[in-house]
Amino acid sequence: EVVSIEDQANRYPAVEAVEVRTYAAARGESPIPLFRDVFDLEPDMVVLRDPGDGPTVDALCRHLEARKTCLALSTTRTGDCAESLMRVLFLRVERVRFARQVTAVLSQRLIRKLCNRCKEPFTPPVELVERLGLAPRRRTTFYRPPKPSESVCPECGGLGYRGRTGIFELLLVDDTLRQVLAYQPSLESLRQAAWATRAWSMEREGALLVDAGVTSLQELARVLRLPSAGSPGAPAPSHVSA
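All values reported here derive from a predicted model rather than from experimental measurement.

Conventions adopted
Residues numbered from 1 in each chain as written. Predicted model: local features only at pLDDT ≥ 70, side-chain atom pairs only at ≥ 80, totals over all residues. Heavy atoms only, no water. Pairing = 2+ DSSP bridges. Helix = DSSP H or I, 4+ residues; strand = E, 2+ residues; numbered from the N terminus. Axes fitted to C-alpha atoms, helices over the stretch in contact; angles between N-to-C directions. Contact = heavy atoms within 4.5 Å. Polar contact = N/O pair within 3.5 Å; in protein donor to acceptor, adjacent residues only side chain to side chain. Core = buried A, V, L, I, M, F, W, Y, C linked by side-chain atoms within 4.5 Å. Buried < 20%, exposed > 50% of the residue type's maximum accessible area, 1.4 Å probe, protein only. Salt bridge = Lys/Arg side-chain N within 4 Å of Asp/Glu carboxyl O. Patch = residues over 30% accessible without salt bridge, like charges linked within 9 Å, V, L, I, M, F, W, Y side chains within 5 Å. Areas by Shrake-Rupley, 256 points an atom, 1.4 Å probe, with all protein chains shown as cover. Parallel < 35°, antiparallel > 145°, perpendicular 65-115°, else oblique. Nonpolar A, V, L, I, M, F, W, Y, C, P; charged D, E, K, R; others polar.

Asks: How would you explain the sheet that holds strand E2 (residues 18-23) if you had to name every residue and give the values?
Replies: With parallel pairing, 4 strands are arranged side by side in an open sheet as E2-E1-E3-E4. Whereas interior strands pair on both sides, the edge strands pair on one side only; in this sheet they are E2 and strand E4 (71-74). Averaged over all pairs of adjacent strands, the angle between their axes in this sheet comes to 20°, without regard to strand direction. Judged from the 4 bridges that link them, strand E1 (residues 2-7) and strand E3 (residues 45-48) form a sheet pairing that is parallel. Across the sheet, residue valine 3 finds its bridge partner in E3, namely valine 46. Of the strands in this sheet, E1, E2 and E3 touch helix H1 (residues 32-40), which is tilted by about 165° from E2.

See below:
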């Protein structure tokens, strides 16, 4: 059973079997007064699109603490999982309570896929392959969009890309991360703790898609706002594991 709490001016498309409760942010209303009735329904999941402010997050955590079988789902707009946790802390939440209740963070991006008909192979420098944290091989082949030509690919119309796929970063919050969240929160300390949990970063996931010929270095740099196609800034291989 899922209950979605939504701002009247920012509604989700209707989903079958999902009950919706609304509030009017434009009139100064908060979702907090809805929490008691919603949690009295004993749903399996409560969806709150925007965490809003510190008091809203604190109230949500208190209800989750009382209803241990319920999961809450919300969103932030950030670059990675560690930054998402910091964004919530910046709302001036009760850090210890939030650290107890948060269970996971999922970051996601959409990335364009290279056109299988016209993508061009090339051999990247060994240093680049190592920097991406990929296993060294006798010969590594990456792919890129074709150079402009008079003949236009009928599959992609000359774009070099066709379709999109997702790249994801899932961070499961363990006791070490909870301690950092509650008592020593900083972006760098959270990222270090995340790597210690063997979290799989979006840079690493993107590097694997480049290695598989699904997308290009240029597209990975564009989507993740990396310094350049040749400098993706992926974490060191020791920080990640399958």
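Back to the write-up after that little detour.
Asks: So what's going on with the environment of arginine 97? Which residues, and what values?
Replies: Within the secondary structure, arginine 97 is located in helix H4 (residues 95-101). Sequence separation between arginine 97 and serine 4 is 93 residues; the distance between their C-alpha atoms is 23 Å. Filtering out sequence-adjacent residues up to four positions away, arginine 97 remains in contact with Asp58, Cys61, Arg62 and Glu65.

Asks: Describe the side chain of aspartate 80, naming the residues involved and giving the relevant values.
Replies: As for its position among the elements, aspartate 80 is in the loop between E4 and helix H3 (81-89). A distance of 3.3 Å separates a polar atom in the side chain of aspartate 80 from the backbone nitrogen of alanine 82. There is a polar contact of 2.8 Å between the side chain of aspartate 80 and the backbone nitrogen of glutamate 83. Setting aside residues up to four positions removed in sequence, aspartate 80 forms contacts with Ser107, Glu169, Arg191 and Met202.

Asks: A description of the nonpolar core should follow, citing residues and the corresponding values.
Replies: The nonpolar side chains of a soluble globular protein tend to be buried, and buried together. With 22 residues, the main nonpolar core has Leu85, Phe98, Leu181 and Leu190 as its most contacted residues. Elements that contribute at least two residues to this core include exactly helix H2 (54-66), H3, H4, helix H6 (175-183) and helix H7 (187-196). Here this core gets 6 residues from one element, more than from any other, and that element is H3. In contact with leucine 181, not counting residues within four places along its chain, are Leu85, Leu89, Arg95, Phe98, Ala99, Val102 and Leu190. In terms of nonpolar packing, the next biggest core, distinct from the first, is built from 18 residues, Met202, Leu209, Val210 and Leu224 among them.

Asks: Outline the pattern of salt bridges, supporting the account with residue identities and numerical values.
Replies: For the structure on display, the rule yields 14 salt bridges. The shortest N-O distance in the salt bridge between arginine 11 and glutamate 6 comes to 2.9 Å. Residue classification places glutamate 6 among the buried residues on the basis of a relative accessible area of 3%. For glutamate 155, the salt bridge goes to arginine 162, with nearest N and O atoms at 2.6 Å. With relative accessibility at 38%, the residue glutamate 155 sits in the partly exposed group.

Asks: Tell me about a nonpolar patch on the surface, residues and numbers included.
Replies: Where nonpolar side chains cluster on the molecular surface, the patch consists of Leu106, Phe168, Leu170 and Leu172 and spans about 400 Å² of accessible area. Looking at the nonpolar patch, the element that brings in the most residues is strand E8 (residues 161-172), giving 3 residues. Mapped onto the elements of the fold, leucine 170 is located in strand E8. The class for leucine 170 is partly exposed, based on a relative accessible area of 45%.

Asks: Explain the packing of H6 against H7 to me, using residue names and the numbers behind them.
Replies: Between H6 and H7, the shortest axis-to-axis distance is 9 Å and the interhelical angle comes to 175°. Classified by the angle their axes make, H6 and H7 are roughly antiparallel. Across the interface between the two elements, Leu177, Val180 and Leu181 from H6 touch Ser189, Leu190, Ala193 and Ala194 from H7. Looking at the contact of H6 with H7, its residues break down into 6 nonpolar, 1 polar and no charged.

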